[in-house]
Amino acid sequence: MAEPMDPSLLEGFQAHFNMERQAHATYFGAAIWMGERELCGFSQHFNDEAKGEQEHAAKVAEYLIARAQTPELHALEAPDQSWESVYDLMSTAFLTERDVTTSLQQLLMAAERVGDTRSTVFLEPMVEGQIKAEHEATHLLGRTKFADGQAAALLVIDNELREGVSHPAQLQ
């Protein structure tokens, strides 16, 4: 028999599961928007991000099932596809990552508060990975802000993304 789960913690997991699904839709919409503008590197980046969010949702669903819980699929909002600029889209991406990070951190704190060690062990590496993802989103937001809408600068970033270079500089 699966270990029971605190009702408030379960509610948090359900909300986070659907947040990951919404993030998938947001990033898939972003991939389409970038593709429509022939920014292939940005489009591929957001397609990869969408796949990652879908994998995260599946991971949470699998965890809930392992705990004898039913993942609840809530209706998703249609993602925004009316950004004014690459910078505006990148701002949306950063806010999405920030919100997912906050949700995971709150879920981890809730698991610790109720003494659910199994959930704590499950969530800790997710929080660590999410902090890294938020850092990368911050990096790309900063790069696009610095580009200031200049086509040549955005094409340089697009080319870097196409080549798989999207990580912040490391000083080690």
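The rules we used
- Residues numbered from 1 in each chain as written.
- Predicted model: local features only at pLDDT ≥ 70, side-chain atom pairs only at ≥ 80, totals over all residues.
- Heavy atoms only, no water.
- Salt bridge = Lys/Arg side-chain N within 4 Å of Asp/Glu carboxyl O.
- Helix = DSSP H or I, 4+ residues; strand = E, 2+ residues; numbered from the N terminus.
- Buried < 20%, exposed > 50% of the residue type's maximum accessible area, 1.4 Å probe, protein only.
- Phe/Tyr/Trp six-rings, centres within 6.5 Å; stacked < 30°, edge-to-face > 60°.
- Axes fitted to C-alpha atoms, helices over the stretch in contact; angles between N-to-C directions.
- Parallel < 35°, antiparallel > 145°, perpendicular 65-115°, else oblique.
- Left-handed = near helix turned anticlockwise from the far one by under 90°.
- Nonpolar A, V, L, I, M, F, W, Y, C, P; charged D, E, K, R; others polar.
- 1 Å grid on protein atoms, 1.4 Å probe; cavity = no way out; pocket = protein on both sides within 12 Å on 5 of 7 lines; lining within 4 Å.
- Points joined across faces, edges and corners; volume = space filled by probe spheres on them.

Student: Outline the pattern of salt bridges, listing residues and values.
Tutor: As enumerated under the stated definition, the model contains five salt bridges in all. The residue D116 makes a salt bridge to R67 at a minimum N-O spacing of 3.0 Å. Separated by 49 residues along the polypeptide, D116 in the loop between helix 3 (86-114) and helix 4 (117-147) and R67 in the loop between helix 2 (40-66) and helix 3 bring together distant segments of the chain. The buried category is assigned to D116, whose relative accessible area is 5%. Across the salt bridge formed by D158 and R162, the nearest N and O atoms sit 2.8 Å from each other.

Student: Explain the packing of aromatic side chains to me, using residue names and the numbers behind them.
Tutor: Each pair of aromatic rings is reported with the distance of its centres and the angle of its planes. Going through the model one piece at a time under the given rule, you end up with five aromatic pairs. With a centroid separation of 6.2 Å and 45 degrees between ring planes, the pair formed by F13 and F122 is classed as tilted. Pair noted here: F13 is in helix 1 (residues 7-36) and F122 is in helix 4, with a separation of 109 residues, a long-range link. Both residues of the pair, F13 and F122, belong to the buried class. For the pair Y27 and F46, a centre-to-centre distance of 5.7 Å together with 35 degrees between the ring planes defines the contact as tilted. With Y27 in helix 1 and F46 in helix 2, this residue pair connects regions lying 19 residues apart in the sequence. Among the aromatic residues, those joined into a ring-pair cluster are F13, Y63 and F122.

Student: Give a description of unusual backbone geometry that names residues and reports values.
Tutor: A positive phi is found at E38, a non-glycine position, where the angle reads about 60 degrees. Mapped onto the elements, E38 comes out in the loop between helix 1 and helix 2. A positive phi angle is found at D148, which is not glycine, with a value near 55 degrees. For D148, a relative accessible area of 59% puts it in the exposed group.

Student: So what's going on with the packing of helix 1 against helix 3? Residues and values would help.
Tutor: For the pair helix 1 and helix 3, the least separation of the axes is 10 Å and the interaxial angle reads 165 degrees. By the criterion of interaxial angle, the relationship of helix 1 to helix 3 is roughly antiparallel. Crossing hand, helix 1 versus helix 3: left-handed. Of the residues belonging to the contact of helix 1 with helix 3, the class tally is 17 nonpolar, six polar and three charged.

Student: Outline the layout of surface pockets, supporting the account with residue identities and numerical values.
Tutor: In this structure, the largest pocket spans a volume of roughly 270 Å³. At the level of secondary structure, the elements contributing two or more residues to the lining of the largest pocket comprise helix 2, helix 3 and helix 4. Looking at which element gives the most residues to the lining of the largest pocket, the answer is helix 4, with seven residues. Its residues assigned to classes, the lining of the largest pocket shows four nonpolar, four polar and eight charged. Estimates place the volume of the second largest pocket at around 210 Å³. As for the second largest pocket, its lining consists of 14 residues, and the residues nearest its centre are Q22, A23, T26, T96 and D99. Breaking the lining of the second largest pocket down by element, the ones donating at least two residues are helix 1 and helix 3. Of the residues forming the lining of the second largest pocket, the biggest block, five residues, is contributed by helix 3. Within the lining of the second largest pocket, the residues separate by chemical class into seven nonpolar, four polar and three charged.

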